[in-house]
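What follows is each chain in one-letter form.
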Amino acid sequence: MTGEEMYADRINSLPPYLFAAIDEAKAEVMNKGVDVIDLGVGDPDQPTPQHIIDSMSEAIYNPNYHRYPSYNGMYDFRNAAADWCKENRGFEVDPDTQTLTMIGLKEGIAHSPLAFINPGDTALVPNPAYPVYKIGTLFAGGEAYTMPLLEENGFLPDLDAIPKEVCDRTKMMFLNYPNNPTGAVADHKFFEEVVDFARDNDIVVVHDNAYSDIVFDGYESPSFLNVDGAMDVGVELYSLSKTYNMTGWRIAFAVGNSDIIKGIGKVKSNVDSGAFEAVQKAGVTALTSSQQCVSDMNKIYKDRRDALLKGLNKLGLDVKPQKATFYTWAPVPEGYNSIEFSKLLLEDAGIVATPGVGFGDYGDGYIRFALTQTVERINQAVARMEELEL
């Protein structure tokens, strides 16, 4: 037995993982000697701040951290996360019962449906969206029901458009604002609508807030958990990856409803042994130290955003400045779909950008640029696009 015959149906039913496919296409072009400008995967190009590295360097020599960690995470890290939420997001959680350490948000997102979805249950999944919301639902044997994110609605889902029969079988809802891939933001009023909807339909809300602190032009992103009643229906997920340039460190946390936290924690205690405690100590340093490093990175991303927007609008693409995230969501030129345009950029200009359709059908017609290259390289990318005479 070989190939697909040996794999479970859940594996055979999955599409190729978007960013793995992009890496393969990028490698093919690079092997031809092309100088590739990668604006694809959202992986910060700047190093982790030195004070966080120094904290890890000290912690790694402590033999106490070489043993199995706590399944729920070190108390010091959970307490730091709770304090950070109070100071930076404006809500309070109990570090013991309402806070959970995660080995990066990807695993937390993928594992959470296993706690709440039975085969045949439904999860509401935005489209376009980070692919793991849907994949985690499918792994749990559930059905992913698409919530279209349309430009005319500010890339917010229309909750009133979800049929009652779908609501009756729905157990979970995934949301993500500030949003990947669109860069859209949600306000307090929208989150109030989400809480009412979730309470009326007995739905668990998982709000992925990975980009909460990557903001521009004076914008401050609201927290879902600041809405009255949100603690009764949901959790919010935070990542240190993008905020502190720690993507490779794999450290994040969930906060919110204690029963939901307990459910996710039960899954995790059976499938992993917790996050390396030296990394958690570095996470404590990140969360409790000066946040100037975050402000400094936001200035860098803003300069890159402005350079890219200037270039794209000069090319005739109508792109508005996003208030948050380090992504620019741009319509593709007339006559192209997102796959065709991303292929043109890669093969004819040596630019990696992510086709919107890779985030779902409703992403077609758009392309996502990650602001993970210098202003100089972004200007080079714009110059290459100008030569394409779009």
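Residues numbered from 1 in each chain as written. Predicted model: local features only at pLDDT ≥ 70, side-chain atom pairs only at ≥ 80, totals over all residues. Heavy atoms only, no water.

Let's shift gears to the overall build of the chain. Secondary structure assignment for the chain yields 14 helices and twelve strands. Here the chain has a C-alpha radius of gyration of 21 Å; the compact-globule value for 390 residues is 21 Å, and the two agree. When its C-alpha atoms are laid out on the principal axes, the chain stretches across 60 × 55 × 55 Å. A separation threshold of at least 6 residues defines the contact pool for the chain, and within that pool the share at least 24 residues apart is 74%. As displayed, the chain has an accessible area near 17,400 Å², and 48% of this comes from carbon and sulfur atoms. Positive and negative side-chain charges in the chain, numbering 32 and 57 respectively, have mean positions lying 3 Å apart. (Helix = DSSP H or I, 4+ residues; strand = E, 2+ residues; numbered from the N terminus. Rg over C-alpha atoms; globule rule 2.2 N^0.38 Å. Contact = heavy atoms within 4.5 Å. Areas by Shrake-Rupley, 256 points an atom, 1.4 Å probe, with all protein chains shown as cover. Lys, Arg positive; Asp, Glu negative; His and termini not counted. Charge placed at Lys NZ, Arg CZ, Asp CG, Glu CD.)

A complete count under the given rule lists 17 aromatic pairs for this structure. Where Trp84 meets Phe253, the ring centres are 6.1 Å apart and the plane angle is 80°; that geometry is what we call edge-to-face. On the criterion of sequence distance, the pair formed by Trp84 in helix α4 (residues 75-89) and Phe253 in strand β8 (residues 252-256) is long-range, its members being 169 residues apart. Phe253 shares its class with Trp84; the two are buried. Consider the rings of Tyr211 and Phe326, whose centres lie 5.9 Å apart with planes at 85°: the pair is edge-to-face. With Tyr211 in the loop between β6 (204-208) and α9 (230-233) and Phe326 in the loop between α12 (292-314) and β9 (327-331), the pair connects residues that are 115 residues apart, well separated along the chain. Just as Tyr211 is buried, Phe326 falls in that class too. Here the aromatic residues Phe77, Trp84, Tyr238 and Phe253 are joined through ring pairs into a cluster of three or more. (Phe/Tyr/Trp six-rings, centres within 6.5 Å; stacked < 30°, edge-to-face > 60°. Buried < 20%, exposed > 50% of the residue type's maximum accessible area, 1.4 Å probe, protein only.)

Further remarks concern helix α5 (residues 105-116). Taking 1.5 Å of rise per residue, twelve residues should cover 16 Å, and α5 covers 17 Å from first to last C-alpha, within 8% of that figure. Listing the buried residues of α5 in full gives Leu105, Glu107, Gly108, Ile109, His111, Ser112, Pro113 and Phe116. (Expected span 1.5 Å × (residues − 1).)

What follows covers the pattern of salt bridges. This model, assessed by the stated rule, comprises 20 salt bridges. Lys314 is the partner of Glu386 in a salt bridge, and the nearest nitrogen-oxygen pair spans 3.6 Å. Separated by 72 residues along the polypeptide, Glu386 in helix α14 (residues 375-387) and Lys314 in helix α12 bring together distant segments of the chain. Looking at Glu386, the relative accessible area reads 34%, which means it is partly exposed. Of the residues examined, Lys314 reaches a relative accessible area of 66% and is grouped as exposed. Here the salt bridges share partners, and the residues they tie into one network are Asp217, Lys302, Arg305 and Asp306. (Salt bridge = Lys/Arg side-chain N within 4 Å of Asp/Glu carboxyl O.)

Our next topic: the sheet that holds β8. In spatial order, the strands read β2-β8-β7-β6-β5-β3-β4; together these seven strands make up an open sheet with mixed pairing. Single-partner strands in this sheet number two, and they are β2 (99-102) and β4 (143-148). Recorded for the sheet is a direction-independent mean angle of 25° between the axes of neighbouring strands. Where strand β5 (residues 170-175) meets β6, four bridges bridge the pair, whose relative direction is parallel. Across the sheet, residue Leu175 finds its bridge partner in β6, namely His207. Running over the sheet, helix α8 (residues 188-201) touches β3 (122-127), β5 and β6 and is turned about 165° from β5. (Pairing = 2+ DSSP bridges. Axes fitted to C-alpha atoms, helices over the stretch in contact; angles between N-to-C directions.)

Judged by nonpolar contacts, the single largest core of 60 residues is most densely connected at Met173, Tyr177, Phe224, Leu240, Tyr244, Phe253 and Leu287. For this core, the domains that each give at least three residues are domain 1 (3-47 + 292-386) and domain 2 (50-290). Once residues within four sequence positions are removed from consideration, Tyr177 is found in contact with Leu149, Phe155, Leu156, Pro157, Ala184, Val185, Ala186, Phe190, Phe191, His207, Asp208 and Asn209. If you look at the next biggest cluster of nonpolar residues, it comprises 57 residues, including Ala307, Leu308, Val332 and Ile367. (Core = buried A, V, L, I, M, F, W, Y, C linked by side-chain atoms within 4.5 Å. Domains from an automatic or database assignment.)

Note that all results are geometric; they support no functional claim without further evidence.
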